[in-house]
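# Residue-level structural notes
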Amino acid sequence: MQNYRMTVRYDGTRYNGWQKQGNTENTIQGKLETLLTRMCGSPVSVQGAGRTDAGVHAMGQVAHFHADTEMTVMEIRDYLNTYLPDDIGVTEVDIAAPRFHSRLNATMKTYVYRIARNKPSHIFDRKYVCFYEGDLNIMAMKTATLQLIGEHDFKTFCGNPRIRKSTVRTIKSIRITDTPDEITITYTGTGFLQYMVRILTGTLIEVGEEKRNPYDMKKLLAARDRSLAGPTAPPCGLTLMEVRYD
């Protein structure tokens, strides 16, 4: 069977995340597998680069699947876009190397979290931002991010208390941009734990509210205790923007 790579965009508002959970079909993975299985006439498994949570969006999710079909990559893409719901779209389908794996071979991922200050200015993209009322100390937030760059144990910022695999991850950059209408936090790293970006965002917001000292991030990392970090920011503000490969 041929190995295929595809790039997927989706509005995650009404889905239970990327990954199938038991018999839950209301997932992005489930929708894609159902259509590809129908197209090929035999079961097709789809693996994604990032297991985005319920309500989280994607502009550049990458996935791969093995299939036996005579259809061209353009025909596969067009078939999927014909029958997928309007809030899921496949932008590219390509033939991949036999051993290509969308998650295991990914070298960098970029997520963006959007915090909106002005509701009227976000009428048309209200599903993709988290609304926040009040002022935030952006300089303090930027100071806090400096302690998070590099390789660290991020267990304090992991939403899965029973995780058994390594919680060490590498963040390459955290960039905060500030406009009168919106604050955007861009995270780029080699990989992220469950809810990690949203917990980091919730913690940075508390720094911006001056409820936390911006220099306490290293203490939080060393503690490896989720209860010491900030709240998990709402999923609606988060989008997986890009997955990169060497």
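Structure: above.
If you're wondering where the values come from, they're calculated on a predicted model, not measured in any experiment. (Residues numbered from 1 in each chain as written. Predicted model: local features only at pLDDT ≥ 70, side-chain atom pairs only at ≥ 80, totals over all residues. Heavy atoms only, no water.)

## So, the layout of surface pockets
- When its volume is computed, the largest pocket comes out at roughly 890 Å³.
- Secondary-structure elements contributing two or more residues to the lining of the largest pocket are β5 (106–116) and α4 (196–208).
- A class-by-class count of the residues in the lining of the largest pocket yields 15 nonpolar, ten polar and eight charged. (1 Å grid on protein atoms, 1.4 Å probe; cavity = no way out; pocket = protein on both sides within 12 Å on 5 of 7 lines; lining within 4 Å. Points joined across faces, edges and corners; volume = space filled by probe spheres on them. Helix = DSSP H or I, 4+ residues; strand = E, 2+ residues; numbered from the N terminus. Nonpolar A, V, L, I, M, F, W, Y, C, P; charged D, E, K, R; others polar.)

## Comments concerning the environment of Ala 97
- Here Ala 97 lies in the loop between β4 (88–95) and β5.
- A relative accessible area of 46% places Ala 97 in the partly exposed class.
- Along the backbone, Ala 97 and Asp 216 are 119 residues apart, and their C-alpha atoms lie at a distance of 45 Å. (Buried < 20%, exposed > 50% of the residue type's maximum accessible area, 1.4 Å probe, protein only.)

## Some words on the nonpolar core
- In terms of nonpolar packing, the biggest core is built from 70 residues, with Met 6, Leu 32, Leu 36, Phe 65, Phe 157, Ile 185 and Tyr 187 touching the most fellow members.
- A total of seven residues in this core trace back to one element, the largest contributor, which is α4.
- Not counting chain neighbours up to four residues away, the residues in contact with Met 6 comprise Leu 32, Leu 36, Val 46, Gln 61, Val 62, Ala 63, Phe 65, Leu 80, Val 90, Glu 92 and Val 93. (Core = buried A, V, L, I, M, F, W, Y, C linked by side-chain atoms within 4.5 Å. Contact = heavy atoms within 4.5 Å.)

## So, the pairing of strand β8 (residues 168–178)
- As paired elements, strand β7 (residues 150–153) and β8 share four bridges and run antiparallel to each other. Across the sheet, residue Asp 153 finds its bridge partner in β8, namely Val 168.
- Across seven bridges, β8 lies against strand β9 (residues 182–189) in antiparallel orientation. Paired with Ile 176 across the two strands is Ile 185, which belongs to β9. (Pairing = 2+ DSSP bridges.)

## Description of the side chain of Gln 61
- Within the element layout of this structure, Gln 61 appears in strand β3 (residues 57–67).
- Residue class for Gln 61 comes out buried when judged on its relative accessible area of 0%.
- Among the polar contacts listed, one links the side chain of Gln 61 to the side chain of Tyr 10, at a separation of 3.2 Å.
- Reaching out from Gln 61, the side chain makes a polar contact with the backbone nitrogen of Ala 49 at a distance of 3.3 Å.
- Those residues within four positions of Gln 61 in sequence are excluded, and the remaining contacts are Met 6, Thr 7, Val 8, Tyr 10, Trp 18, Gly 48, Ala 49, Gly 50 and Leu 240. (Polar contact = N/O pair within 3.5 Å; in protein donor to acceptor, adjacent residues only side chain to side chain.)

## Brief notes about the pattern of salt bridges
- Summed over the entire model, instances satisfying the criterion amount to 13 salt bridges.
- With its nearest N and O atoms 2.7 Å apart, the salt bridge here joins Glu 33 to Lys 20. Separated by 13 residues along the polypeptide, Glu 33 in helix α1 (residues 28–40) and Lys 20 in the loop between β1 (2–10) and α1 bring together distant segments of the chain.
- Taking relative accessible area as the criterion, Glu 33 reaches 10% and is therefore assigned buried.
- A salt bridge links Asp 153 to Arg 224, with the nearest nitrogen and oxygen atoms 2.7 Å apart. Placement of Asp 153 in strand β7 and of Arg 224 in the loop between α5 (217–223) and β10 (238–245) is noted, with a sequence separation of 71 residues between them. (Salt bridge = Lys/Arg side-chain N within 4 Å of Asp/Glu carboxyl O.)

## Brief notes about the packing of α1 against helix α2 (residues 73–83)
- Interhelical geometry of α1 versus α2 gives an angle of 125° and a closest axis separation of 10 Å. Classified by the angle their axes make, α1 and α2 are oblique. In the packing of α1 onto α2, the handedness of the crossing is right-handed. In contact with Leu 35, Leu 36, Arg 38 and Met 39 of α1, α2 contributes Ile 76, Tyr 79, Leu 80 and Tyr 83.
- Per-class residue counts for the contact of α1 with α2 are seven nonpolar, no polar and one charged. (Axes fitted to C-alpha atoms, helices over the stretch in contact; angles between N-to-C directions. Parallel < 35°, antiparallel > 145°, perpendicular 65-115°, else oblique. Left-handed = near helix turned anticlockwise from the far one by under 90°.)

## Notes on the side chain of Thr 167
- Tracing the backbone through its elements, the reader meets Thr 167 in the loop between β7 and β8.
- Using a relative accessible area of 5% as the deciding quantity, one classes Thr 167 as buried.
- Among the polar contacts listed, one links the side chain of Thr 167 to the side chain of Asp 153, at a separation of 2.5 Å.
- With near-sequence residues (within four places) excluded, Thr 167 lies in contact with His 152, Asp 153, Phe 154, Lys 155, Leu 193 and Arg 224.

## Thoughts on the pairing of β5
- The buried count for β5 comes to nine of eleven residues, which makes it a mostly enclosed element.
- In the sheet, β5 pairs with β10 via seven bridges, with the strands oriented antiparallel. The partner of Lys 109 across the bridge, within β10, is Val 243.
- As paired strands, β5 and strand β6 (residues 130–131) are joined by two bridges and run parallel to one another. Counted as the bridge partner of Ile 115 is Cys 130 from β6.

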